[in-house]
Amino acid sequence: MINLINHFNRDRHAPLLSGMHADRKRLFVDRLKWDIRHDGLFERDEFDNDEAAYLVLADRETQEHQASVRLLRTDRPHILGNIFPELCEIELPAGPEYREITRLCYAPRTRRAERIRYRNLIGRSLIEYAHFTGLRGYTLVTEMALLGQILSAGWSCRPLGLPRDIGGSTIGALLITIEPWTLRRMSPSWQTESVPMRVVEFGEPLAA
Amino acid sequence: MLDVVQLFIDILGRITNVVDLRDALDAVVKEIGFDYFALMEHVDLARHASGEILFLTTYPSAWADFYIAKQIVSNDPVLLASHRTSNGFRWSAVSDFIPISAAHRAIRERTIKAGIIDGFTVPAHIPGTAHGSCNFALGSGRILAPTNYHAAQLVGSFAFEAGRRIVHNGDRTAMPTKLTPRMIDCVFLAACGKTDWEAGTILGIAEDTVTEYLDEARRRYDVGHRSQLLMRALFDGHLAISDVIR
């Protein structure tokens, strides 16, 4: 089950979001040694605000966090626009039709075979979310070590600039364009069953 | 330099055969400051018919032929190093990743004699498929600017993806011998030194079932011993060395 969580429904998903922030701390701080803000238990930064949306994969039975991604608006402060602007050498794809993929994360306890399944589910939900909300694409800042795997999905992907050596790794900015045929053309190794996405709680309240 | 890379990616989108890929890659490799390339999957090249696997190169032909005939792919220090990292690396850094043996040094000397002096390798590790790499070579000891290497990082990854798409026609799972997720779990635990009983306890299955999974995996690889199975599973990318050594 993929849960779409934003500031309208996050209170109802508090335990799941806590689990996500705890796993983000375990993965990005403890395992990958990223130099980012955390409080010892949870990794949370200034972009985890009212404008952020999350696609969160939860265990069907326990409702525990399994994998997640944070989507940031590109017409508001975001990672590529505000922290690594030098990674984009052309006009920054920004505005209501683009979101930035950040903090793509799986629970560090996940077995390897499961990780692929989670990757595929998150990948598919990103495409469905784009169709659902009328997005043209996603930007992302990534380590070049992951570029091959990102390209292997089969979606249309382009660099926004040359990679740079920052903080001991080589990172670069990419644009993934979502087209009507993207889902159909996903490579076999990324294909997955359709994702049951909970969207019933999504959107602005009809009346205050 | 970005526009050169972007143009190359545009061309890749239209390419449907390896001949065009070779020409396009040859052109962009020179534009970003290198002389030769080898775009390849790390499998025993002598045992596969051409066209079955991705192997494209502009290395001097005497060297490429020798490389295939002597099966150097399995002991090339650059390729072995590329199994230890997902980041692009300069060949001068190979000893950061693997211990260099006398045999490795001999291969390196032979490479230099063939006119391949220095280079940069972009590893391609896609889970569930054979390892591969895009290698950029220099015919002299000249030093390139960091932007050249960064451009090569992009070109290498995009070229590899395009190459595999063409050669395997989108079927990325056809290449390595198929193991089921449960078999991979058992192979992984065996590689970590677990007995069948221990692996069974960890996975919550019977000891005999673990033995059966490993026997079936050996049959699929047509090998008699578990140590061979572990090597083949590593080679095919079912396991990463970094998974086992942690």
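Structure shown above.
In this report, we go over the structure that sits alongside the text. Just so it is clear, the model here is predicted, and its values are computed rather than measured.

**Some thoughts on the interface of chain B and chain A**
Right, on to step 1. Facing 30 residues of chain B, the contacting portion of chain A comprises 21 residues.
Right, on to step 2. For the side of chain B that touches chain A, the secondary structure elements donating two or more residues are helix H1 (2-14), helix H6 (146-168) and helix H7 (181-191) of chain B.
Right, on to step 3. Tallying contributions element by element places H6(B) first for the side of chain B that touches chain A, with nine residues.
Right, on to step 4. Taken together, the residues of the side of chain B that touches chain A break down into 13 nonpolar, 12 polar and five charged.

**Topic: helix H10 (residues 226-235) of chain B**
All names here are of chain B.
Right, on to step 1. Among all positions of H10, only Leu 229, Leu 230, Arg 232 and Ala 233 are buried. Along the axis of H10, the buried residues cluster in a sector spanning 165 degrees; they form a single face.
Right, on to step 2. Summarising the contacts, the buried residues of H10 are in contact with H7 and helix H9 (207-221).
Right, on to step 3. After H10 finishes, the residue Gly 237 shows a positive phi value of roughly 85 degrees.

**Some points on the sheet that holds strand E5 (residues 132-138) of chain B**
Residues and elements named next belong to chain B.
Right, on to step 1. Reading across from one edge, E2-E1-E5-E4-E3 is the order of the five strands in this open sheet, with antiparallel pairing throughout. In the strand order of this sheet, the two ends are held by strand E2 (55-57) and strand E3 (89-90), each with one partner.
Right, on to step 2. Where strand E1 (residues 36-41) meets E2, three bridges bridge the pair, whose relative direction is antiparallel. Residue Met 40 lies in a different strand from E2, and its bridge partner there is Phe 55.
Right, on to step 3. The sheet contacts of helix H2 (residues 18-31) involve E1, E2 and E5, and relative to E2 the element is tilted by about 40 degrees.

**Comments concerning the pairing of strand E5 (residues 137-143) of chain A**
All names here are of chain A.
Right, on to step 1. Burial analysis of E5 places six of its seven residues in the buried class, which makes it a mostly covered element.
Right, on to step 2. One ladder, built from four bridges, connects strand E4 (residues 98-106) with E5; its direction is parallel. The residue bridging Glu 100 from the neighbouring strand is Thr 139, located in E5.
Right, on to step 3. Note that the unit made of E4, helix H3 (residues 112-133) and E5 has a crossover that is right-handed.

**Examining unusual backbone geometry**
Right, on to step 1. Phi angles above zero are rare outside glycine, and Gln63(A) is one such case at about 65 degrees.
Right, on to step 2. You can call Gln63(A) partly exposed: it has 14 C-beta atoms within 10 Å.
Right, on to step 3. Although it is not a glycine, Asp222(B) sits at a positive phi angle of roughly 60 degrees.
Right, on to step 4. Within the fold, Asp222(B) resides in the loop between H9 and H10.

About the cut-offs
- Here, residues in each chain are numbered from 1, in the same order as that chain's written sequence.
- For naming, the first written chain is A and the first written ligand is 1, with later ones following in the order written.
- Given that this is a predicted model, residues contribute local features only at a pLDDT of at least 70 and side-chain atom pairs are listed and counted only at 80 or more, while totals for whole chains, interfaces and linings are drawn from all residues.
- By definition, residues are in contact whenever their C-beta atoms, placed on the basis of the backbone, come within 7 Å of each other.
- Working definition: helices are DSSP H or I runs of at least four residues, strands are E runs of at least two. Numbering for both runs from the N terminus.
- Each residue receives one of three labels: charged for Asp, Glu, Lys and Arg, nonpolar for Ala, Val, Leu, Ile, Met, Phe, Trp, Tyr, Cys and Pro, and polar for the others, Gly being one of them.
- Buried residues are those with 20 or more other C-beta atoms within 10 Å of their own C-beta, exposed residues have 12 or fewer, and partly exposed residues lie in between; C-beta atoms are placed from the backbone.
- The arc in question is the one spanned by the directions pointing from the helix axis to the C-beta atoms.
- When DSSP finds two or more bridges between a pair of strands, those strands are recorded as paired.
- Here an angle of 0 to 180 degrees is reported between the N-to-C directions of two axes, which are lines fitted to C-alpha atoms, with helices fitted over the stretch in contact.
- The path from the first strand over the helix to the second decides the hand: if it runs clockwise while the strands point away from the viewer, the crossover is right-handed.

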